[in-house]
Amino acid sequence: MTLRLDITLLSERYDAGGGEDPRAAEWPPHPARVFAALRSVAQEDELAPLAELERLEPPLIHASAVPPPSERDRRVGERHARGYVVTNVRDSKGGHQTYPARTSGFRQRASSLPEDARVQFDWLDGDELSDGVVAELDRLARRVPYLGRSTSPATLAFNRVADPTPLPGLTTYEPTRERSSLSIRVPYPGYLDELNALYQEDQPAWQAAGPRARRFYREAGTDINEETPSVDDFDSPYPDLVILRFVDLRPSGNLVPIFTEALRRKVMGQTEDPLPPALHGHGTPGLPHVAYLGLPFVGNEHADGQLMALAVAIPGLEHDERLRILRGILGEDPEREISLRVSGFRQAFKLRYAPDETRPFTTTIECWTGPAHTWATATPLVLDRYPKDRDLAAAVAESFVNAGLPEPSEVEVSREPMMYGAVRLKPRELPKRCQGRLYTHARVTFDRPVNGPILAGAGRYFGVGLFAPEYEEGRR
């Protein structure tokens, strides 16, 4: 039988920001947000049913129709409220009359006014849960007072249904392997542990909603090719990508090795001893290390390859080790600017962690994570070995296998960039560890969707060998 969650928005409105952009209205409600709401009302001895729930496949969502982006203001009734609110930033001079040493910040809040205030989630594999687990989930659901912000009260209830037909008037959305305009955050195995760790550190729950939590959805029954078998995505070895945007100055793309080396020194210097092995890379042969990236402006005809941001890609780690590395990157206060000293420059470069901002696109996680079948170099790939018979394509494919990625089904190589804005590097501009090696630009195609970030080659930990996704509807 299907496990169903019935949601009713009592005020017929839904006040919630849209995932990585809280200024955009979220619709329909994301299963990850609902899961976080269930966790917020659960006691420590009531977490077992949530651990069972997060292991299920992403649910079907039945809700009022989601219009195209260009029509959402008219059809969903998207509204925005503006004002100053207290933030987590602390200042010795204060700044807020009620909360000492806290500051205020201008915020724009988004709301959805759906045509129907009812929403349903259906987990088709919900028969894996026992009746006792379902009853415990229902008890938690009935305690949830609201979804999103407190201005959108709601009632929630779990039950089993033999006939998963949705309520009349609701549109059904299903997970899809193909890229679509509807990106939904869903719980995943380990999501509960992420929420618990963030709660212990007094951090907001949205920080757990990284690439692992995002799934594309589409309206059920559209663009289905029955002749094409379902193929599972391949997940990147790097589930976490922390992006630090340049605030003022934007360096030239050919300086990427210098800036990634400066970021590496800073992160290692700020991380509490003993350093995690994944950070320094010693004693962990065959396992991915933390990688430092420069994110150039790529992907359209106006792209110039300037570095828009730096980033740190973190492989799958235990929670304590991951948390130590995140602190080494962001410090104790993720909302403050980060000052980076770079060899050869007198002034420090200011960086900012702003995962809630969606522009410029190059500085967002979506730009570098796909999923996609085809990927092209944003920074050149340094080959792991000199190719036999100068077969560069075979050497590129081998570099992907060495990096723990699938072997590409097609490989194109070029001395020149194959994507607008991709970085050109002279031999002396390569990372010091890579100088003297052969390098190339490349475009690779896989026989199944691959999730990024995609890093390959001998310099993948030091700023080169970064790939960006390309899509069937056209080159980026």
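Structural data are supplied above this passage.
Here's a quick rundown of the structure. If you're wondering where the values come from, they're calculated on a predicted model, not measured in any experiment.

As a further point, take the sheet that holds strand S16 (residues 338-340). Spatially, S14-S15-S13-S17-S16 is the arrangement adopted by the five strands of the open sheet, whose pairing is antiparallel. Looking at strand neighbours, the two that pair on one side only are strand S14 (291-296) and S16, the edges of this open sheet. Mean inter-strand twist for the sheet, computed between neighbouring axes without regard to direction, equals 35°. In the packing of helix H8 (residues 319-330) onto the sheet, the strands contacted are strand S13 (240-246), strand S15 (307-314) and S16, and the crossing angle to S13 comes to about 5°.

Strands sit in the order S9-S1-S8-S5-S10-S12-S11 across an open sheet of seven strands; the sheet is antiparallel. With one partner strand each, in any of the chains shown, strand S9 (154-161) and strand S11 (182-185) form the two edges of the open sheet. Strand-to-strand twist across the sheet, computed as the mean angle between neighbouring axes with direction ignored, equals 30°. Contacting strand S1 (2-9), strand S5 (60-63), strand S8 (118-123), S9 and S11, helix H1 (residues 31-41) runs over the sheet at an angle of about 20° to S11. Contacting S1 and S9, helix H4 (residues 131-141) runs over the sheet at an angle of about 165° to S9.

Counting buried residues along S14, six of its six residues qualify, which places the element largely inside the surrounding structure. Taken together, the six bridges between S14 and S15 define a ladder with antiparallel strand orientation. For Leu-293, the partnering residue across the bridge sits in S15 and is Ala-311.

Looking now at unusual backbone geometry. With omega at 5°, the peptide bond leading from Gly-370 into Pro-371 counts as cis. Considering the arrangement of structural elements, one finds Pro-371 in the loop between helix H9 (365-369) and strand S18 (372-377). With an omega dihedral of 5°, the bond running from Gly-452 to Pro-453 counts as a cis peptide bond. Its location among the elements puts Pro-453 in the loop between strand S21 (439-450) and strand S22 (454-455). Not every positive phi belongs to a glycine, and Glu-12 is a case in point at roughly 60°. With respect to the secondary-structure elements, Glu-12 resides in the loop between S1 and strand S2 (14-15).

Considering all chains together, one arrives at 13 aromatic pairs under this definition. Ring centres of Tyr-188 and Tyr-191 lie 5.2 Å apart, and the angle between their planes is 55°; on these two criteria the pair is classed as tilted. An aromatic cluster is built from Phe-246, Phe-259, Phe-345 and Phe-349, whose rings are joined through pairwise contacts. Sitting over the face of the ring of Phe-462, Arg-433 holds its NZ or CZ atom 4.1 Å from the ring centroid.

In this section: the pattern of salt bridges. Summed over the entire model, instances satisfying the criterion amount to 21 salt bridges. In this structure, the salt-bridge partner of Asp-116 is Arg-118, at a minimum N-O distance of 2.8 Å. Looking at Arg-118, the relative accessible area reads 31%, which means it is partly exposed. Residue Glu-194 pairs with Arg-322 through a salt bridge whose shortest N-O separation is 2.9 Å. Here Glu-194, found in helix H5 (residues 191-200), pairs with Arg-322, found in helix H8; they are 128 residues apart in sequence, far enough to count as distant. Here Glu-194 and Arg-322 have matching classes, each one buried. The structure contains a network of salt bridges with shared partners spanning Glu-26, Arg-33 and Arg-185.

Conventions we followed
- Residues numbered from 1 in each chain as written.
- Predicted model: local features only at pLDDT ≥ 70, side-chain atom pairs only at ≥ 80, totals over all residues.
- Heavy atoms only, no water.
- Pairing = 2+ DSSP bridges.
- Helix = DSSP H or I, 4+ residues; strand = E, 2+ residues; numbered from the N terminus.
- Axes fitted to C-alpha atoms, helices over the stretch in contact; angles between N-to-C directions.
- Contact = heavy atoms within 4.5 Å.
- Buried < 20%, exposed > 50% of the residue type's maximum accessible area, 1.4 Å probe, protein only.
- Phe/Tyr/Trp six-rings, centres within 6.5 Å; stacked < 30°, edge-to-face > 60°.
- Lys NZ or Arg CZ within 6 Å of the ring centre and 35° of its normal.
- Salt bridge = Lys/Arg side-chain N within 4 Å of Asp/Glu carboxyl O.

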